[in-house]
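What follows is the residue order along each chain.
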Amino acid sequence: MRLVTSDVPALAVNGLSRFYGKRAAVRKLDLRVQPGDLYGFLGPNGAGKTTAIRAILGLIARSKGTVEIFGERDMVRQRAEVGAMVETPAFNDWLSGRANLTIAAAYAGRGSAADIDEALDRVGLRDRAKEKVRGYSLGMRQRLGIARALLGRPKLLVLDEPTNGLDPRGMREVRELLTELVRRDGLTVFVSSHLLSEVEAMCTRVGILDRGELRAEGTVQELVQRLGGSTDLEVGVSDRPAALTVLSKLEGVTVEGDGEAGRMLLKLKGLEPAVVNRALVLAGVEVSSLVPRAGTLEELFLSVTSSEPGVA
Amino acid sequence: MPRQFFAMLRVELLKVFSRFSGWATLLMAIFVPLVTLGFLHLINGSATTSTVQGHTSMGLNSFDLVSAMKWCMRSRNVLLLPLLLTLATALSVSGERSERTLRELLVRPVPRWSVLAAKQLALWALSATSIVVSLATTLAVGYWLFGGPAMDQSVADPDESLNRAILGFLLCFVSDVALIGLATALATFVSSVGGVVIALAFTLILDLFGYALLNLLAMVGNMSWAGTASHYTLVSLLTVWDHWMDEFNPVQFAEVFGFIALVWAIGIARFSRTDVP
């Protein structure tokens, strides 16, 4: 039975596990993707992202756990609301791009010729739609895969590495398209990627998977604050040895090395940059520049995924 | 059944008929009867020698439309068309799985059995079309080369003889459906197209050995059970069209339909649980 309320998550994954023999490719995965989220599913290669997505979509059996999509538990019915692209999209190469979308529309049970045109327009392939797919470049196939996922106006879009094979312009176009789908059309997008900059640029929430387990989940800012707890600071000083003496007496400051343009790179823990500035100035060290650097998703990602299983 | 089933069937027909295996099947459906009829026409009227109980007798090859049709039917069902239908089936299931296009279908809101059903029906349509094309070619060219049907020894009425031959031709469809079902069941276990074709060939060769062994036991060892068991081999089941020419055997038809139901059940059960890459 379908429950349509605003509190119902677009995607709820509860304790999902998938074992291959004794090896767990995905272990006890819990995810909540709210309607309107652009959720980034991050993880290094081999972390289990694609296995998790395939299990969510029912392409492979789930060893344990349940998946609900907009409150729907039935695997067939829940897919009515989903458009998906898993890994590199595959096509019937001897058919045209349009014929491939016609096949997808037939199986989706919705998607008229006008819908196919609209999907092709969105990815800029309408002019090439009559050509056989075997003549398409990797980027064109990727865009056609996105057009296929958009057919039938799904409420939830599940995309696995959608910018694979795209040039920087194509990657940017996909990012803009996904952002527009969320903002303008109210879609929920669940996108896996190992490209941190891409996820950081577009996602409202992220989950980080490592060795089959979810290590962190939240907004980028939340996660950086929660897991890092430190701020980097670059300081330009007139007298470096004197500055080092001052800083060595301050608690919560670690000198990491050299920053940009000859500045010193400091790591602050529980200390404001203004305190460092005041201490240096009072000790007679001239401060020429003070550049705070927020923690990045990359640092978070590396700190979370480098730890041993079960530690983070 | 999902409400979009007929749309699914329509696109599966598009795929089956547009693949190499599809149009090759239709080309062979014309080519095989043409070659067979040409050969029969060439040897028609030539001398034959046969030895029965030590006595050698001379005769002449003599073909009419009905006997030529029987030969066309046999040549159709012996090698090329079953091979192409097996290939079409393997491409439709194993091929789509290894090419990963099957994944794109299974992320849609349809039960897995309906995907397999749509593919099967499209393959049945390919078989039916090939039979109709072969029959039309055989009738048209056969009539031109051999004239109308002659008097058959077992059937007094030449028209009835022709009707039986036509019916036998159409019943090749039952054998094809059984073959497609078997190939589909194998395709749910074997993930490569070549693997399915080889597996089916091995299955049929083993079955042929079994059939020969059982008949040998029945004849030499006088074991009646072996004779009965030989009726349940694939060779016996898949040649249901041949027996129709001589006499109607409802038991054999029941066995074929039972076999089709069995391979269907195995195929669907396996397909429903298979992980799709």
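Residues numbered from 1 in each chain as written. Chains lettered and ligands numbered in written order. Predicted model: local features only at pLDDT ≥ 70, side-chain atom pairs only at ≥ 80, totals over all residues.

Trainee: Tell me about the overall build of chain A, and please be specific about residues and values.
Mentor: A count of helices and strands for chain A gives 11 helices and 13 strands. Projected onto its principal axes, the C-alpha positions of chain A cover 75 × 45 × 40 Å. Buried positions account for 43% of the 312 residues belonging to chain A. (Helix = DSSP H or I, 4+ residues; strand = E, 2+ residues; numbered from the N terminus. Buried ≥ 20, exposed ≤ 12 C-beta atoms within 10 Å, placed from the backbone.)

Trainee: Which residues make up the nonpolar core, and what values go with them?
Mentor: Val-158, Val-189 and Phe-190 of chain A together with Val-196 of chain B are the most contacted members of the largest nonpolar core, which totals 146 residues. Looking at this core element by element, the count peaks at 11 residues for helix α8 (residues 172-187) of chain B. Contact partners of Val-196 of chain B, with chain neighbours within four places excluded, come to Ala-90, Ser-94, Ala-183, Leu-186, Ala-187 and Val-190 of chain B. (Core = buried A, V, L, I, M, F, W, Y, C linked by C-beta atoms within 7 Å. Contact = placed C-beta atoms within 7 Å.)

Trainee: Outline the pairing of strand β7 (residues 188-193) of chain A, listing residues and values.
Mentor: A regular strand places its side chains on the two faces of the sheet in alternate fashion. Residue and element names in this part refer to chain A. Of all the six residues making up β7, six are buried; the element is thus mostly covered by neighbouring parts of the structure. Side chains Thr-188, Phe-190 and Ser-192 project from β7 onto one buried face, and the interleaved Val-189, Val-191 and Ser-193 project onto a second face that is buried too. Taken together, the five bridges between strand β3 (residues 38-42) and β7 define a ladder with parallel strand orientation. Bridge assignment links Gly-40 to a residue of β7, and that residue is Val-191. Of the strand pairs in this sheet, strand β6 (residues 156-160) and β7 are connected by five bridges, and their pairing is parallel. Bridge pairing in β7 links Leu-157 to Val-189. (Pairing = 2+ DSSP bridges.)

Trainee: A description of the sheet that holds strand β8 (residues 205-210) of chain A should follow, citing residues and the corresponding values.
Mentor: All names here are of chain A. With respect to topology, six strands assemble into an open sheet ordered β5-β6-β7-β3-β8-β9, the strand pairing being mixed. Both outer strands of the open sheet, β5 (82-85) and β9 (213-218), are each paired with one neighbouring strand and no more. Ignoring which end each strand starts from, the neighbouring axes of this sheet average 15° apart. Strand contacts of helix α1 (residues 49-57): β3, β5, β6, β7 and β8, with the helix running at about 145° to β6, the strand carrying the most contacts. Contacting β5 and β6, helix α5 (residues 138-150) runs over the sheet at an angle of about 165° to β5. (Axes fitted to C-alpha atoms, helices over the stretch in contact; angles between N-to-C directions.)

Trainee: Summarise the sheet that holds strand β2 (residues 23-33) of chain A; cite the residues concerned and give the values.
Mentor: All names here are of chain A. Ordered in space as β2-β1-β4, the three strands form an open sheet in which the pairing is antiparallel. The open sheet is flanked by β2 and β4 (64-69), the only strands paired with a single partner. Put simply, the sheet's adjacent strands are angled 20° from each other on average, direction ignored. Note that strand β1 (residues 11-20) and β4 share five bridges and pair antiparallel. Bridge pairing in β4 places Ser-17 opposite Lys-64.

Trainee: Describe the interface of chain B and chain A, naming the residues involved and giving the relevant values.
Mentor: Taken together, the 24 residues of chain B in the interface contact 22 residues of chain A. Elements with a minimum of two residues in the side of chain B that touches chain A: α1 (5-18) and α5 (101-106) of chain B. Broken down by element, the residue count for the side of chain B that touches chain A peaks at six residues, all from α1 of chain B. Its residues assigned to classes, the side of chain B that touches chain A shows 11 nonpolar, three polar and 10 charged. (Nonpolar A, V, L, I, M, F, W, Y, C, P; charged D, E, K, R; others polar.)

Trainee: Before we move on, could you go through the packing of helix α2 (residues 20-43) of chain B against helix α6 (residues 112-146) of chain B and cite the residues and values that matter?
Mentor: Residues and elements named next belong to chain B. It is the contact of α2 with α6, at a shortest axis distance of 9 Å, that shows an interaxial angle of 25°. Between α2 and α6, the interaxial angle falls into the category roughly parallel. As for the relative orientation of α2 and α6, their crossing is right-handed in sense. Judged by residue contacts, Gly-22, Thr-25, Leu-26, Ala-29, Ile-30, Val-32, Pro-33, Leu-34, Leu-37 and His-41 of α2 engage Leu-126, Thr-129, Ser-130, Val-133, Ser-134, Thr-137, Thr-138, Val-141, Gly-142 and Leu-145 from α6. A class-by-class count of the residues in the contact of α2 with α6 yields 11 nonpolar, nine polar and no charged. (Parallel < 35°, antiparallel > 145°, perpendicular 65-115°, else oblique. Left-handed = near helix turned anticlockwise from the far one by under 90°.)

Trainee: With reference to specific residues and values, describe the environment of Leu-195 of chain A.
Mentor: Here Leu-195 of chain A is to be found in the loop between β7 and α7 (196-202). Counting along the chain gives 153 residues from Leu-195 of chain A to Leu-42 of chain A, while the straight-line C-alpha distance between them is 8.0 Å.

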